[in-house]
Amino acid sequence: MSFTEKSRKSWIEETFFKRECVKFIPSSRDLHRCIPVCQVCQNLIRCCCGRLIGEHSWQDSLPPISLCPGPGQVVDEEWSIETHTRASPTNAYGTVDFQDTATRVCRAKYVRVAVDSKAEVLLQLMLREWQMERPKLLLTVQGGSENFTLPPKVKQAFSKGLITAALSTGAWILTDGINTGVSKYVGEAVKSFGGHNLRKRNTIGITPWGVIDNNMDLIGRDVFRPYQPLGNPLIKRACLNGFHSHFLLVDDGTLGKHGCQQGLRRKLEKHIQLQKIHPRLNQGVPVVCVVVEGGPVIVSTVLDYVSNVPPVPVLVFEGSGRAADLLAFLHKQTAVDRQLDADIKEDFLVRIGDVFGVDRAEASHLYTLFLQCMDHRQSITIFDSESEDQMAPDAAILTTTLKGTKASPAEQLSMALVWDRADIAQKDVLVYGQHWQVGSLEQAMLDALVMDRVSFVKLLIDNGMTMSRFLTVDRLEELYNTPQGQTDHFLHHLAEDAKQTSLPVGYRLSLIDMGLVIEYLIGGAYRSTYTRKYFRTAYSRLQDKEGRRNSSTSLSKQRRRLIPNSSRGRSLQDLHFFRTAQPYRRKEQDVSPGSSREITLSPGLGDAPLLVPFNFNDLFVWAVLQQRQQMALFLWQHGEEALARATVACKLYRSMAFEARQSNMDDNIAERFKAYSLEFGQLAVDVLDGAFRQNEQMAMKLLTSEMEAWSHFTCLQMAVSSCHRPFVSHSCTQTLLTDLWTGPLNMRKNSFLKIIVSLLLPPAILLLEFKSKAEMCHVPQSHEAMLFGLDSVKSVPAFEGTDHTGSQDAERGLSFHDKCLGPLSETVSSVTMQCLSWITRLYEFYTAPVVKFWFHTMFYLAFLMLFSYVVLVKMGDQPSVQEWLVITYILSTAMEKTREVLMSEPRKLSHKLKIWFSEYWNKSDFIAILLFLAGLGLRWHADPYRTAGRITYCLDIIFWFIRVTDLLAVNQHAGPYLTMITKMTSNMFFIVVMMAIVLLSFGVSRKAILSPDEEPSWSLARDVVFQPYWMIFGEVYATEIDPCDDGNPCPPASFLTPFLQAVYMFFQYIIMVNILIAFFNNIYFDMASTSNKLWKYNRYRYIMTYQERPWLPPPLILLSHMTLGLTAIYRRFSGDAEREERGSGLKLYLGHEDRKRLHEFEEKCVQAYFHEKSEGLHSSQINRIRATAERGDVHDGGGGLREGHLHSGQPVRVGLSARSTPGPVGTGCGHPHLALCF
């Protein structure tokens, strides 16, 4: 419900009222000594409402003539609000500006309301009109209304505890709102601990209108009133406290009388208690009463709170005085036995009389009330600030709230979850021996994820919550469909783009939809788990049998019912699908380097799979897509493949930033995505750097090991896909790329000469130096090379029963090949084992990417010379030998390009073509091949077709010569310059367009003036741009400037062309060309510092190109194609095609044990990274303390904190913000990546 300014005023005035006394009832029954009563004395008599007769409003009735009763009249009428006051629309609401707070702007909303106002409309006023946040806790502060002095320790505990509890939980604080008594201390607490932004306070004062000093200054409708809260000691009025944020001024028609607000305050508290603490939870808003000092009325108030159903817990600050101290004393004395000893009881009665100043009878009555309060002692908590083992005051308030409401453990956990106080939940709720209902902890985890409570997710995981049991299909879909405003809309837009269709309003995203979104964002050949065929099949079966919105409990029942025989593979797959969002993949029948996934079985549950290796990945991707950065950073720390997840998040955020810019969304959204991407990118670089410092070979294995959970990608592939240049240009990545480039060749100097000589003289290959298998263990191999190695191993018989326990592990570098060759060391001579066979050497030499590069380059240069010869000499009727070689070369190249497309990782042909055409050089090769085929088709015919074919050859050779620049890109010195040229070419588009506009504007007008009688022809287009274009380069055609010099008749207005040419040359030659030069100069200097990094990034593409290319160059590459075809046919008939299909790409295939060691190494690196971060944070804090101590020594002569304390064995306590709370859950830590507090 929204209100305009006018309707808002009318709503307040129609809803809220004030009360005025309309009948004068004398407060004194004694007759005045003047008989009859004189007019002066009569005006001094006060009404029961507290006003004089002149202060009443007599609009609807006449004032009484005499206050003296007549003969036979008896004055027995009692004044009451209902009878003697009249309700009328409120005339006081708006904003009050307190003038005595010069250092801060303190303003508060206020409204004058009748004492019988409804609590519902009051809450509506605060939530809708005043825009207050819904309360998650209600702290009602009760105590003395007169000024009193609190001991320093009690004051500090009360102030800090109250404000810390309120700020950390989003609580409302209710007080009397006056500038005396406990309300004044609440205001001082807000001033001291409430922070600088006091406009976000939720401190509400419920104050009697009649006791406010200068209340007439507040009268006005929707006004802004300055207020000077300076109390007058001569009157009994009270001032409003300036550090409250809102005021409900309760009007019962009286003046100067306290207490009328208590009834309305209690009604409001009970109504707030009925509100939901959170839209997801059915738990009501908890209320806790904080008692400080107080008179006899407080005893009745406490009894009302604790005897209520449900009870309102009460926290009493011991040492604050009067009623609070008496409650604390009696609470301790009745801890064991409710009955007091006679002497203690007598002493207590005397203390009551002395403290409150009452007689014996009243003291006995109060004693009875005290004992009645002790009947509900479980709802009363005593806070002793003098005690050494007393908990923090804010924790005491919240603990009292949890324990005093008699809520179930699940409800207590829900309250702590909404407050985001994991320390309270860990200390008081998640304790040993606590009984939990089935599914309550899973529901708490789901609520914590939806509410983005990182500390609670960590707490529940630390207490045994496993993702494999928690994360079901329904829960994951519920997380994705959680309404989140702009984030939810953005995710739906991504789903529409991925599905290429519009979604109806209220559409519920499925996991298959999210799989399409993930594939759309990552791009390339990536395939999400949710879009694979077996997942779709299981998902459809789940929808048919269970329905989309079944609870996880019913899913578990159906899971047990559907699988009578767990030994069947298909039933195992169904069971696993029910349990987690990542479906079970069947284990390969044979143990191979590519088959590493295992099923972890649970004893006592048959063959049911219990755990999945990467069950945090689904939740991590959800956090990234939902833009929950802190949750994503926390989930990144859990599970395996942290480096992979960092690169995946970097890619997802980068793509989301691009989509946000394409959708014309707010720039801040795209910048936020970019910042998130950079944060995860830096995490990946830091972890990689730490791993590289610890173990270089293991770090390089992290880059290229196959990741089954991420579409069989590698970290390096994902980093390149996300354009993460710092990651690719890192020393670890470049070292790996260098090893990939050289392959098994061990060359340091003059490598290209050795390779060329070896290519020209193959026997020289045996003289080259090769790397050992241990040195090559971290280098990934293509599937072809891996199969070659396996076949060579299978050809040698191995002995059975050989002990393999002494073989080297993954860190020492033995691959699967070496482990298989291990038993042969006893039977083969040492000389043979030291030298590789010549067949292996030849194979390893010719399959090295650097050798492929030089081999292909030599043939390519020979091809260019032959092609140049063909186009330069006369073309005969039949192709010459040279031309036939060129034709064979280009046709074999076309076949190789076709093989590249068909052998790429995507399944669909359209996807293969899309990825292939995304590369610039592939487009260039495609055009060159098509142009050559067109020329080849034309050259077989007679003239003029043969001539057209020759011209086509002449144009086609341009593309093949330009292709040489890509060969130069591999060089470390030429590569950066080519990167600069590419950048200049791609960025000069708009300047060239502007130059073309200037050129056409001059060329068209010049041609039109000089040739007014031209007939329509295509030559006009050439004449318009021909001469103006060459003028850009300095050719001004001086002889043609004046068209009348040759004696021909001058065209009309021909005198304008020299002027137009002068203007054109000035703009085009002087301005536009120099702008283009300056633009190129700027790009050069900008790229000079980053071109080396860009070249390192582009180096990956060059190396991968030659790594995946057959070793024979065109036209000999046809032999490689035949070999690959025959091998594929053989593998298909032998049943090994599935492994070959899965093994596409350059990846490191590790066995189960090696992969396990690699994950353990990665986990150690992540732990070391956080340890370094924590050490850096700790040292910075120590440095700040040392600097503070040094400044203190200068000011107080050395009386401050000494440096010796920093080097002593005693711990140094570092103060954190009010939000920070101690405990292992790390709530409020300063660093977003750390789960540690100091």
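Predicted, not measured: the structure shown is a model, and the values here were computed from it.

Asker: Tell me about the overall build of the protein, and name the residues and values.
Answerer: Tallying secondary structure elements over the protein gives 50 helices and 14 strands in all. Counting across all 1238 residues of the protein, residues that qualify as buried make up 49%. Summed over all atoms, the accessible surface of the protein reaches about 60,900 Å², with 57% contributed by carbon and sulfur.

Asker: Give a detailed account of the confidence of the model for the protein, specifying residues and quantitative values.
Answerer: Mean pLDDT over the protein works out to 78, with 78% of the residues at or above the 70 mark. Long-range and interchain partners of residues 548-614, a stretch whose pLDDT sits below 50, account for 133 contacts in this model, where long-range means more than four residues apart.

Asker: Tell me about the sheet that holds strand β11 (residues 314-318), and name the residues and values.
Answerer: Spatially, 10 strands are ordered β8-β3-β4-β9-β7-β6-β5-β10-β11-β12 in an open sheet, and the strand pairing comes out mixed. In this open sheet, the two strands that pair with only one neighbour each are β8 (220-227) and β12 (380-384). Averaged over all adjacent pairs, the angle separating strand axes in this sheet is 25 degrees, with direction ignored. In terms of strand pairing, strand β6 (residues 172-175) meets strand β7 (residues 203-208) through three bridges, oriented parallel. The residue bridging L174 from the neighbouring strand is I204, located in β7. Helix α7 (residues 261-273) contacts β4 (107-114), β5 (138-143), β6, β7, β9 (246-251) and β10 (287-292) of the sheet and is inclined by roughly 155 degrees relative to β5. Strand contacts of helix α9 (residues 322-333): β10, β11 and β12, with the helix running at about 105 degrees to β11, the strand carrying the most contacts.

Asker: For the packing of helix α44 (residues 989-1010) against helix α46 (residues 1056-1108), give the residues involved together with the corresponding values.
Answerer: One can describe the packing of α44 onto α46 by two numbers: an axis separation of 10 Å at closest approach and a directional angle of 170 degrees. Regarding the angle of α44 to α46, the classification is roughly antiparallel. Where α44 approaches α46, its residues I991, M994, M995, V998, L999, F1002, S1005, R1006, I1009 and L1010 are matched on the opposing element by L1056, T1057, L1060, Q1061, Y1064, F1067, Q1068, M1072, V1073, I1075, L1076 and F1079. Taken together, the residues that form the contact of α44 with α46 break down as 17 nonpolar, four polar and one charged.

Asker: Requested: an account of unusual backbone geometry, with residues and values cited.
Answerer: Omega for the bond connecting V309 with P310 falls within 30 degrees of zero, at -5 degrees, which places this linkage in the cis form. Locating P310 in the fold gives a position in the loop between α8 (296-306) and β11. Looking along the chain, the bond that leaves D943 and enters P944 is cis, with omega of 5 degrees. Residue placement: P944 occurs in the loop between α40 (920-939) and α41 (945-962). For N214, which is not glycine, the phi dihedral falls at a positive 60 degrees. Structurally, N214 is set in the loop between β7 and β8. By relative accessible area, which is 38% here, N214 ends up partly exposed.

Asker: Account for a nonpolar patch on the surface, with residues named and values stated.
Answerer: A grouping of F1059, V1063, F1066, F1067, Y1069 and I1070 is seen on the molecular surface, where their side chains present a nonpolar patch of about 570 Å² in accessible area. Within the secondary structure, F1059 is located in helix α46.

Asker: How would you sum up the nonpolar core? Please name residues and give values.
Answerer: Ranked by internal contacts, the top residues of the largest apolar core, which has 198 residues, are F158, W636, F680 and F867. If we skip the residues at most four places from it in the chain, W636 touches F620, A642, R645, A646, F680, L683, V687, V1166 and F1170.

Asker: Any details on a positive patch on the surface? Residues and values, ideally.
Answerer: Taken together, the side chains of R654, R661, K674, R725 and K983 present a region of like positive charge at the surface. Tracing the backbone shows K983 in helix α43 (residues 974-987).

Asker: Any details on the environment of F634? Residues and values, ideally.
Answerer: Looking at the element boundaries, F634 is found in helix α25 (residues 629-636). The exposure class of F634 is buried, given its relative accessible area of 4%. Residues F634 and S455 lie 179 residues apart in sequence; the distance between their C-alpha atoms is 9.1 Å. When near neighbours in sequence (up to four residues on either side) are disregarded, F634 contacts V454, V457, K458 and I461.

Asker: Quick one: what's the story with the environment of N1082, residue by residue and with numbers?
Answerer: Inspection of the secondary structure puts N1082 in helix α46. When the C-alpha positions of N1082 and M984 are compared, they lie 9.8 Å apart, and in sequence the two are 98 residues distant.

Asker: Help me get a handle on the pattern of salt bridges, residues and values and all.
Answerer: Applying the stated criterion across every chain, the model contains 37 salt bridges. D304 is paired through a salt bridge with R266; the nearest N and O atoms lie 3.1 Å apart. Highlighted residues: D304 in helix α8 and R266 in helix α7, separated in sequence by 38 residues. A salt bridge links D394 to R421; its shortest N-O distance comes to 2.9 Å.

Asker: Could you give me a rundown of helix α4 (residues 119-129), with the residues and numbers involved?
Answerer: The buried fraction of α4 amounts to eight of the 11 residues, a majority that puts the element mostly inside the structure. The complete set of buried residues in α4 reads A119, V121, L122, L123, L125, M126, L127 and E129. One or two positions beyond α4, positive phi appears at Q131, with a value near 55 degrees.

Asker: Outline the packing of aromatic side chains, listing residues and values.
Answerer: Aromatic ring pairs: the centre-centre distance and the angle between the two ring planes describe each pair. Per the counting criterion, the structure on display carries 48 aromatic pairs. Seen from their ring centres, F158 and F317 are 5.5 Å apart, and the 90 degrees between their planes marks the pair as edge-to-face. Of this pair, F158 sits in helix α5 (residues 152-169) while F317 sits in strand β11, and the two are 159 residues apart along the sequence. Classification of F317 by relative accessible area gives buried; the value is 1%. Measuring from ring centre to ring centre gives 6.3 Å for W741 and Y1106, while their planes differ by 75 degrees; the resulting arrangement is edge-to-face. One end of the pair, W741, is in helix α31 (residues 731-742); the other, Y1106, is in helix α46, and 365 residues separate them in sequence. Accessibility classification places W741 together with Y1106 in one group, the buried group. Among the aromatic residues, those joined into a ring-pair cluster are Y860, F863, F867, Y889, F932, Y953 and W960. Above the face of the F1026 ring, R1022 is positioned so that its terminal group lies 5.8 Å from the ring centre. Across from the ring centre of Y1106, 4.9 Å away, lies the NZ or CZ of R1109, which sits over that ring.

Asker: Quick one: what's the story with a negative patch on the surface, residue by residue and with numbers?
Answerer: Judged by side-chain charge, D337, D341, D343 and D347 come together as a negatively charged surface patch. Take D347: it is sitting in helix α10 (residues 342-356).

Asker: Go over the side chain of Q717 with me, naming the residues and quoting the values.
Answerer: Tracing the sequence through the fold places Q717 in helix α29 (residues 715-721). What makes Q717 buried here is its relative accessible area of 16%. There is a polar contact of 3.0 Å between the side chain of Q717 and the backbone nitrogen of T714. The contact partners of Q717, leaving out residues within four places of it in the chain, are H712, E905, Y1100 and K1147.

Asker: Which residues make up the pairing of β5, and what are the values?
Answerer: Look at any regular strand and the pattern is simple: side chains alternate between the two faces of the sheet. Counting buried positions along β5 gives six out of six residues, so the element sits mostly inside the fold. Neither face of β5 is left uncovered, since the one carrying L138, T140 and Q142 and the one carrying L139, V141 and G143 both have all their residues buried. Pairing analysis gives three bridges linking β5 to β6, with the strands arranged parallel. Looking at the pairing, T140 lines up with L174 of β6. As paired elements, β5 and β10 share six bridges and run parallel to each other. Following the sheet pairing, V141 is matched in β10 by V290.

Asker: Let's hear about the environment of L162: which residues, and what values?
Answerer: With respect to the helices and strands, L162 occurs in helix α5. Aside from chain neighbours lying at most four places away, what touches L162 is L139, V141, A157, I173, V186 and I397.

Asker: Lay out the side chain of T647 with the relevant residues and their values.
Answerer: Along the chain, T647 turns up in helix α26 (residues 642-662). T647 sits in the buried class, given a relative accessible area of 0%. Discounting chain neighbours no more than four positions away, the residues touching T647 are A684, C715, M718, A719, S722 and F727.

So, how was this worked out
- Residues numbered from 1 in each chain as written.
- Predicted model: local features only at pLDDT ≥ 70, side-chain atom pairs only at ≥ 80, totals over all residues.
- Heavy atoms only, no water.
- Helix = DSSP H or I, 4+ residues; strand = E, 2+ residues; numbered from the N terminus.
- Buried < 20%, exposed > 50% of the residue type's maximum accessible area, 1.4 Å probe, protein only.
- Areas by Shrake-Rupley, 256 points an atom, 1.4 Å probe, with all protein chains shown as cover.
- pLDDT = per-residue confidence, 0-100.
- Contact = heavy atoms within 4.5 Å.
- Pairing = 2+ DSSP bridges.
- Axes fitted to C-alpha atoms, helices over the stretch in contact; angles between N-to-C directions.
- Parallel < 35°, antiparallel > 145°, perpendicular 65-115°, else oblique.
- Nonpolar A, V, L, I, M, F, W, Y, C, P; charged D, E, K, R; others polar.
- Patch = residues over 30% accessible without salt bridge, like charges linked within 9 Å, V, L, I, M, F, W, Y side chains within 5 Å.
- Salt bridge = Lys/Arg side-chain N within 4 Å of Asp/Glu carboxyl O.
- Core = buried A, V, L, I, M, F, W, Y, C linked by side-chain atoms within 4.5 Å.
- Lys, Arg positive; Asp, Glu negative; His and termini not counted.
- Charge placed at Lys NZ, Arg CZ, Asp CG, Glu CD.
- Phe/Tyr/Trp six-rings, centres within 6.5 Å; stacked < 30°, edge-to-face > 60°.
- Lys NZ or Arg CZ within 6 Å of the ring centre and 35° of its normal.
- Polar contact = N/O pair within 3.5 Å; in protein donor to acceptor, adjacent residues only side chain to side chain.

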